Amino acid sequence: MIAGDNEIKLKAIAVLTGMRSGVGPEYVSSLCAEVTPSTFCVPVGAGPEEVARATLEQLSGPWSELVNGFMLAFEAVADAYDSEAGRQGAAQEVLQHVALELAAQRE
């Protein structure tokens with residue numbers, strides 16, 4: 001059974017909290033398994049494109065809620081960071097720095 005929307009968001013926040021506490025990558029894999037349907041309903045006689053579309057539609061709900069949970073947690077932490085830094089945009093500067101580091105690693 002797939003968890004409800006709020007439960008999925010809570011799981012995302014739990015992963016972020018756990019990652020900061022040093023849990024291993026299997027914790028994230030476990031979360032993904034918990035929110036991903038174990039079976040999919042597809043039309044009888046469906047072709048590959050229909051099967052793919054039906055599967056994607058059934059995955060999009062729980063995965064969207066998972067992303068929403070990460071975004072909710074990030075917004076709360078970013079707001080707290082901006083408040084602590086005493087100025088708006090401090091969190092965006094951190095993200096820009098991370099993006100620049102990732103871009104440099106790609107080269």
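Residues numbered from 1 in each chain as written. Predicted model: local features only at pLDDT ≥ 70, side-chain atom pairs only at ≥ 80, totals over all residues. Heavy atoms only, no water.

### Quick look at the overall build of the protein
Right, so step 1: The helix and strand inventory of the protein stands at 4 helices and 0 strands.
Right, so step 2: Written out in order from the N terminus, the α and β elements of the protein read α-α-α-α.
Right, so step 3: In terms of overall dimensions, the protein is more spread out than a globule: its C-alpha atoms have a radius of gyration of 18 Å, far above the 13 Å expected for 107 residues.
Right, so step 4: The principal-axis extents of the C-alpha atoms in the protein amount to approximately 60 × 35 × 25 Å. (Helix = DSSP H or I, 4+ residues; strand = E, 2+ residues; numbered from the N terminus. Rg over C-alpha atoms; globule rule 2.2 N^0.38 Å.)

### Observations regarding helix α3 (residues 48-85)
Right, so step 1: With 38 residues, α3 extends 52 Å between its outermost C-alpha atoms, agreeing within 8% with the 56 Å of an ideal straight helix rising 1.5 Å per residue.
Right, so step 2: Listed as buried for α3 are Ala54, Pro62, Glu65, Leu66, Gly69, Ala73, Ala78 and Asp82.
Right, so step 3: Against α1 (5-21), α2 (25-35) and α4 (90-106) lie the buried residues of α3. (Expected span 1.5 Å × (residues − 1). Buried < 20%, exposed > 50% of the residue type's maximum accessible area, 1.4 Å probe, protein only. Contact = heavy atoms within 4.5 Å.)

### A closer look at the nonpolar core
Right, so step 1: Grouped together as the largest cluster of nonpolar side chains are 6 residues: Ile8, Ala12, Val15, Leu31, Val35 and Leu66.
Right, so step 2: Every element with two or more residues in this core is listed here: α1 and α2.
Right, so step 3: Ranked by residues supplied to this core, first place goes to α1 with 3 residues.
Right, so step 4: Residues in contact with Leu66, not counting those within four places in the same chain, are Ile8, Ala12, Leu31 and Val35. (Core = buried A, V, L, I, M, F, W, Y, C linked by side-chain atoms within 4.5 Å.)

### Observations regarding the pattern of salt bridges
Right, so step 1: For the structure on display, the rule yields 5 salt bridges.
Right, so step 2: Residue Glu65 is joined to Lys9 by a salt bridge in which the shortest nitrogen-to-oxygen separation is 3.4 Å. One end of the pair, Glu65, is in helix α3; the other, Lys9, is in helix α1, with 56 residues separating them in the sequence.
Right, so step 3: On the accessibility criterion, Lys9 (23% relative accessible area) is partly exposed.
Right, so step 4: Ionic pairing is found between Arg87 and Glu93, a salt bridge with its closest N-O pair at 2.9 Å.
Right, so step 5: Members of the salt-bridge network, linked through shared partners, are Glu7, Lys11 and Glu34. (Salt bridge = Lys/Arg side-chain N within 4 Å of Asp/Glu carboxyl O.)

### Remarks on the packing of α3 against α4
When two helices pack together, you describe them by how their axes are tilted relative to each other and by the distance separating the axes.
Right, so step 1: As a packed pair, α3 and α4 sit with axes 7 Å apart at the nearest point and diverge in direction by 115°. Judged by the angle between their axes, α3 and α4 are roughly perpendicular. Residues Phe74, Ala78, Tyr81, Asp82 and Ala85 of α3 form the contact with α4, whose participating residues are Ala90, Ala91, Gln92, Val94 and Leu95.
Right, so step 2: The class makeup of the residues in the contact of α3 with α4 is 8 nonpolar, 1 polar and 1 charged. (Axes fitted to C-alpha atoms, helices over the stretch in contact; angles between N-to-C directions. Parallel < 35°, antiparallel > 145°, perpendicular 65-115°, else oblique. Nonpolar A, V, L, I, M, F, W, Y, C, P; charged D, E, K, R; others polar.)

### Considerations on the environment of Thr36
Right, so step 1: Looking at where Thr36 falls in the secondary structure, it is placed in the loop between α2 and α3.
Right, so step 2: Separated by 59 residues in sequence, Thr36 and Leu95 place their C-alpha atoms 29 Å apart.
Right, so step 3: Of note is the side chain of Thr36, whose polar atom sits 2.6 Å from the backbone oxygen of Cys32.
Right, so step 4: There is a polar contact of 3.1 Å between the side chain of Thr36 and the side chain of Trp63. (Polar contact = N/O pair within 3.5 Å; in protein donor to acceptor, adjacent residues only side chain to side chain.)

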